[in-house]
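Below, each chain spelled out in residue letters.
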Amino acid sequence: MRGETIVKRFVGRLLFSLAAVLVLAVALAACGGSSSSDSGATTAAEGTESSSGSGAQAAGIKEAGETFDSLLAPPELKLVGEKFDAKKSAGKTVYYINTDDSIPITTIWREVAIEQLERYGVHVVSLDGKGSTTEYNKDMNTAISRGADAIFTMAVNPPLISQQIKAAKAAGIPVITGAEGLPNVKETATYVEGVTAGVSYDYHEVGKVEADWVAADSKGSAHVLFISNEDQPSSKYVVAEFEKELSRTCPDCTVEFKDVPAAQVTTTLPTLVQTSLQRDPEINYVVPGYDFNVPEIETGLRQAGLTDRVRIGSWNAVPAVMQSLQNKQSPMSMELGAPNNWFSFAIADTVMRTLSGVEPVVWGTEESAFMGFRAFDKESVEGLDVSEYDDAEFYELPDSKVQAAFEGLWGKP
């Protein structure tokens, strides 16, 4: 299918550029930023109501291990929402504003979603936000002035376009967002009145799984350096749930949080990791909330000769990091991911429900299996072809299978 071809074309060409282009786009989209900061090391239980003690810790570690192990198998495709006639959206126009076309993953999401929308007769105007607030506002104004039937924004921070969202609402144009951090967009900290729906993974769940892996993998002896990117809207949810879950399952574990603005990852992170580990020899886990940080962490560890001292776990399952996971010499030890085609089809579903006058459903919840979370470790990644991104290879969910399932909701085009 065209979506599968696009995946190979974009990701194969831009594997190691993901970190640089993503951090630039996110930084430009953020509402400000600051230099890397140190929130200090704490026990995981500090500031919570968790009880420590060997009995509670043993039970927590056992539970964390069971939770993590349950995600090692390929996900089951679970759809939510009532059936509707998606053909009612035919002939309508949606403006799709992508945060930055140079970012492989968001471009993959867009192209697969557009393929499905066009199959049902939706006209899509694709605009490149170029990681620029000025460009986002210009694109929104273009969509409004041309009478769009709907506007979809991918990874664009809503407060940056709040005036345009209000103008769209006044014009009767629904605005749908992508990747804001929580499945229910109205519960996000960045929600702006006038956004009618959103499509997002549950980033609380990302932080929870990362914490469960640390607790179980370390058997309760983790000293964690957690790298956050707080200028990315979804980061706060990852950080909060990681701290909460680790305190619950591993009260004796410790965690030190370091925040690095996304645009500074390539210049700041290698040195930050080196100095942190030199200052605290007990650190044995480095956990970045997002895996665009991983190449820079590995660089810092290699330069300092510390690759055999720590283990790394993260989220997104991009091929470059999956290749590190397969490398037995790499400290990369766990990667959480989810099938991108499932996410793209959920975008198409939300857009067509909106265009058809049907109430959108909330994706990314437990009912939809969080849109297919799957964990990988060094053992489970063996034998996989990770040279390029492939949903069929990583998750056993080829586009054809996902398309057939969603046609059960939409009807045939």
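Residues numbered from 1 in each chain as written. Predicted model: local features only at pLDDT ≥ 70, side-chain atom pairs only at ≥ 80, totals over all residues. Heavy atoms only, no water.

**Regarding the sheet that holds strand E3 (residues 123–128)**
Just so we agree on the cut-off: Two strands are counted as paired when DSSP detects at least two bridges linking them. Secondary structure is summarised from DSSP: a helix means a run of H or I of at least four residues, a strand means a run of E of at least two, and numbering begins at the N terminus for each. Fitted lines through C-alpha atoms give the axes, limited to the stretch in contact for helices. The angle between two N-to-C directions lies from 0 to 180 degrees.
Strands sit in the order E3-E2-E4-E5-E6 across an open sheet of five strands; the sheet is parallel. Two strands bound the open sheet, and with one partner strand each, they are E3 and strand E6 (195–199). Adjacent strand axes in the sheet meet at a mean angle of 20°, parallel and antiparallel pairs treated alike. Sheet topology places strand E2 (residues 93–98) next to E3; six bridges connect them, and they run parallel. Bridging across to E3, Tyr96 finds its partner in Ser126.

**Things to note about the state of the cysteines**
The line we're drawing: Note on disulfides: each one is a pair of cysteine sulfur atoms within 2.5 Å. When accessible area is computed with a 1.4 Å probe and restricted to protein chains, residues below 20% of their type maximum are described as buried, those above 50% as exposed, and intermediate ones as partly exposed.
Throughout the structure, instances matching the rule amount to one disulfide. What pairs with Cys250 in a disulfide is Cys253, and their sulfur atoms sit 1.9 Å apart. On the S-S bond that ties Cys250 to Cys253, the torsion sits near 70°, and the link is right-handed. Classification of Cys250 by relative accessible area gives buried; the value is 0%.

**Describing the pattern of salt bridges**
Basically, it comes down to this: Note on definitions: salt bridges are taken to be side-chain nitrogens of Lys or Arg within 4 Å of carboxyl oxygens of Asp or Glu.
In this structure the tally under the stated criterion is 17 salt bridges. Residues Glu66 and Lys62 are paired through a salt bridge, measuring 2.6 Å at the closest nitrogen-oxygen approach. Taken together, the positions of Glu66 and Lys62, both in helix H3 (residues 54–69) and four residues apart, correspond to about one turn of that helix. The shortest N-O distance in the salt bridge between Arg119 and Glu407 comes to 2.6 Å. Residue Arg119 is found in helix H4 (residues 104–119), and its partner Glu407 is found in helix H14 (residues 399–410); the two are separated by 288 residues along the sequence. On the accessibility criterion, Glu407 (10% relative accessible area) is buried. Beyond isolated ion pairs, a larger network of salt bridges with shared partners links Glu63, Lys208, Asp212, Glu245 and Arg248.

**Concerning helix H10 (residues 294–304)**
Counted only if it meets this: Between two residues, a contact is recorded if the distance between any of their heavy atoms is within 4.5 Å.
All of the buried residues in H10 are Val294, Glu296, Ile297, Glu298, Gly300 and Leu301. Of the surrounding elements, those touching the buried residues of H10 are strand E7 (223–228), helix H9 (265–279), strand E9 (285–288), strand E10 (311–315), helix H11 (319–326) and strand E11 (332–337). Backbone geometry just after H10 places Gly305 at a positive phi near 65°.

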